[in-house]
Amino acid sequence: MSALALAGRRRAVVVTRRTELEELLERHATRGQAEFFLRTRGRDLARVQAAHDALAAARREVLAAVPREWALAEVERADLSRFLFAPEDLVLVVGQDGLVANAAKYLTGQLVVGVDPGGGTGALVRTRPERAAALVRDLARGREPRAEEISMVRAEADDGQELTALNEVFLGDAGHQSARYLLSAPGGREHQCSSGVVVATGAGSTGWAASLAHDRGGRVLPAPGESRLAWFVREAWPSPATGASLTDGLLAHGERLVLTVASERLVVFGDGVETDRCELTWGQDVAVGLSPRRLRLVGPDDAAGGTRRERGRGRPGAAAGPDDGGGWRGGRCRGSQSASGMTIQAAT
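Residues numbered from 1 in each chain as written. Predicted model: local features only at pLDDT ≥ 70, side-chain atom pairs only at ≥ 80, totals over all residues. Heavy atoms only, no water.

## Brief notes about the overall build of the protein chain
The number of helices and strands found in the protein chain is 7 helices and 16 strands. Each of the 348 residues in the protein chain was classed as buried or not, and the buried ones make up 53%. Restricting the contact set of the protein chain to residue pairs at least 6 apart, pairs at least 24 apart contribute 70%. (Helix = DSSP H or I, 4+ residues; strand = E, 2+ residues; numbered from the N terminus. Buried < 20%, exposed > 50% of the residue type's maximum accessible area, 1.4 Å probe, protein only. Contact = heavy atoms within 4.5 Å.)

Below, the structure written as structure tokens:
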């Protein structure tokens with residue numbers, strides 16, 4: 001039990017990432033140089049400044065709502081792998097969808113509120129700052145909000161390495177060339193040579209998995225709360241030694257997809273974060289299935305005075321791309337191959 005729990009204190013953890021404006025100023029030193037750089041690419045500094053100001057305003061509003069008797073911590077995306085979350089934390093993610101996925105893999109059932117700083121396009125950041133502030137005040141009064149539980153995926157290697165992701169895991173060659181392995185699925189086994197295997201959750205069903213399903217004539221994909229995973233083999237190559245008959249399917253609760261490595265090197269990474277990966281070699285097994293952990297995400301209708309998000313904005317799902325701080329990033333490789341040294345997950 002944490003010291004905060006022993007003291008009877010709740011803690012608000014505000015997760016942010018550096019804005020594009022901050023990164024531009026670090027790179028170009030002055031606003032003038034940053035503006036010139038953007039102008040050469042047909043962009044306007046005013047829009048970058050507006051996004052920076054919106055995020056700063058959302059952060060201030062959320063921080064102002066935290067009761068004085070609560071503990072408070074702020075953590076940037078780059079420091080997530082070194083931050084110790086406590087069971088009683090309320091995690092307030094202020095930013096884009098990818099930041100929620102970054103944080104999700106470090107959590108073990110804590111309430112998460114995705115705070116939309118103004119873009120209005122998020123599937124995971126679905127709560128306006130004023131409603132998030134009202135939710136914090138309600139929690140301080142003892143009102144616990146409802147939360148949607150979103151499935152996650154976990155890959156476990158036979159040497160103890162482990163990786164968890166919110167949207168999908170990729171297993172394949174480090175350079176995205178041909179990978180050789182023995183695939184063992186609920187429907188059978190097959191030696192394969194392919195561009196890799198993708199195993200996606202319902203949260204990832206509007207991202208990479210949607211493209212793969214579309215290319216196969218529209219395969220059924222799970223919803224975010226479902227205890228199922230969808231898996232796809234990319235560009236399986238039929239040859240005298242390898243087959244291409246087991247190329248997609250669904251994994252129910254308790255089922256696993258197992259790859260036995262038949263090449264010099266195979267990597268596993270989550271939610272597109274290639275720098276945080278597990279590395280395997282000849283003969284090793286890696287099993288992929290549902291993670292026992294789930295993301296507990298509060299919706300906009302659970303903040304005081306809030307109303308349910310418009311139907312047209314889409315269901316909770318895979319969010320954004322590289323500009324979201326590693327896109328829909330998930331993962332965290334435990335063991336000697338972990339990019340940041342160890343423990344729970346990744347946001348690099």
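Moving on, there is more to tell.
## Some words on the packing of helix H2 (residues 20-28) against helix H3 (residues 31-39)
Direction vectors running N to C along H2 and H3 enclose 105°, while the axes themselves pass 8 Å from each other. Overall, the two elements H2 and H3 adopt an arrangement that is roughly perpendicular. Taken together, the residues of H3 that come into contact with H2 (itself represented by Glu20, Leu21, Leu24, Leu25, Arg27 and His28) are Arg31, Gln33, Ala34, Phe37 and Leu38. Of the residues contributing to the contact of H2 with H3, the split by class is 6 nonpolar, 2 polar and 3 charged. (Axes fitted to C-alpha atoms, helices over the stretch in contact; angles between N-to-C directions. Parallel < 35°, antiparallel > 145°, perpendicular 65-115°, else oblique. Nonpolar A, V, L, I, M, F, W, Y, C, P; charged D, E, K, R; others polar.)

## Considerations on helix H4 (residues 45-65)
Helix length check: H4, at 21 residues, gives a terminal C-alpha distance of 31 Å against a target of 30 Å (1.5 Å per residue), a fit within 8%. For H4, the full list of buried residues reads Leu45, Val48, Gln49, His52, Leu55, Ala58, Val62, Leu63 and Ala65. Residue Asp44 occupies the N-cap position of H4, its side-chain oxygen lying 3.0 Å from the main-chain nitrogen of Ala46. (Expected span 1.5 Å × (residues − 1). Polar contact = N/O pair within 3.5 Å; in protein donor to acceptor, adjacent residues only side chain to side chain.)

## Focus on the sheet that holds strand E12 (residues 248-252)
Pairing is antiparallel in the open sheet, where 6 strands are placed in the order E12-E11-E10-E7-E14-E15. Edge strands, defined here as strands with exactly one partner in the open sheet, are E12 and strand E15 (277-280). Strand after strand, the sheet turns through a mean of 15° between neighbouring axes, direction not considered. Looking at chain direction, strand E11 (residues 228-233) and E12 are connected through 5 bridges and run antiparallel. Residue pairing in the sheet places Trp231 in a bridge with Gly249 of E12. (Pairing = 2+ DSSP bridges.)

## Regarding the packing of aromatic side chains
The tally for this structure, following the rule as stated, stands at 3 aromatic pairs. Plain terms: the ring middles of Phe170 and Phe269 are 5.1 Å apart, the flat faces sit at 35° to each other, and that makes the pair tilted. Within this pair, whereas Phe170 is found in strand E7 (residues 168-172), its partner Phe269 is found in strand E14 (residues 266-270), the two being separated by 99 residues in sequence. Relative accessible area serves as the criterion here: at 1%, Phe170 is assigned to the buried category. Among the residues examined, Phe269 registers a relative accessible area of 3% and is labelled buried. In this structure an aromatic cluster arises from ring pairing among Phe170, Trp208 and Phe269. (Phe/Tyr/Trp six-rings, centres within 6.5 Å; stacked < 30°, edge-to-face > 60°.)

## Some details on the nonpolar core
The nonpolar side chains of a soluble globular protein tend to be buried with one another. Ranked by size, the top nonpolar core spans 28 residues in total, and within it Leu171, Leu183, Val197, Val199, Trp231 and Leu257 carry the most contacts. Ranked by the residues each element gives to this core, the list is headed by strand E8 (residues 179-185), at 4 residues. Apart from residues lying up to four places away in sequence, Trp231 is in contact with Leu183, Ala185, Val198, Val199, Leu246, Thr247, Asp248, Gly249, Leu250, Leu251 and Leu257. (Core = buried A, V, L, I, M, F, W, Y, C linked by side-chain atoms within 4.5 Å.)

## Considering the pairing of strand E1 (residues 11-16)
With respect to burial, E1 is a largely interior element, 6 of its 6 residues being buried. Both faces of E1 are covered, namely the face carrying Arg11, Val13 and Val15 and the face carrying Ala12, Val14 and Thr16. When E1 meets strand E3 (residues 89-94), the two strands line up parallel, connected through 5 bridges. Looking across to E3, one finds that Val15 is bridged to Val93. Where E1 lies against strand E2 (residues 71-76), 6 bridges are found, and the strand directions are parallel. Directly across from Thr16, in E2, lies its bridge partner Glu76.

## Overview of the side chain of Arg126
You can see Arg126 is positioned in the loop between strand E4 (111-115) and helix H6 (129-140). One polar contact links Arg126 to Glu148, side chain to side chain, over a distance of 3.1 Å.

## What about unusual backbone geometry?
One non-glycine residue with positive phi stands out, namely Glu235, at about 55°. With respect to the helices, strands and loops of the structure, Glu235 is situated in the loop between E11 and E12. Classification of Glu235 as exposed rests on a relative accessible area of 59%.

## Some points on the confidence of the model for the protein chain
A residue-level look at the protein chain finds 83% of positions with pLDDT of 70 or above and a mean pLDDT of 84. Confidence over residues 303-348 falls short of pLDDT 50; this stretch has 173 contacts with residues more than four positions distant or in other chains. (pLDDT = per-residue confidence, 0-100.)

## Comments concerning the pattern of salt bridges
Here the structure, examined in full by the defined rule, presents 18 salt bridges. A salt bridge links Arg43 to Glu20, with the shortest nitrogen-to-oxygen separation between them at 2.6 Å. Of this pair, Arg43 sits in the loop between H3 and H4 while Glu20 sits in helix H2, and the two are 23 residues apart along the sequence. On the basis of relative accessible area, Glu20 is assigned to the partly exposed category, the value being 35%. The shortest N-O distance in the salt bridge between Arg256 and Glu156 comes to 3.4 Å. (Salt bridge = Lys/Arg side-chain N within 4 Å of Asp/Glu carboxyl O.)

## Structural notes on the pairing of strand E9 (residues 188-194)
Bridge analysis of E8 against E9 gives 7 bridges, and the strand direction is antiparallel. In the strand pairing of E9, Ala185 is matched with Gly188.

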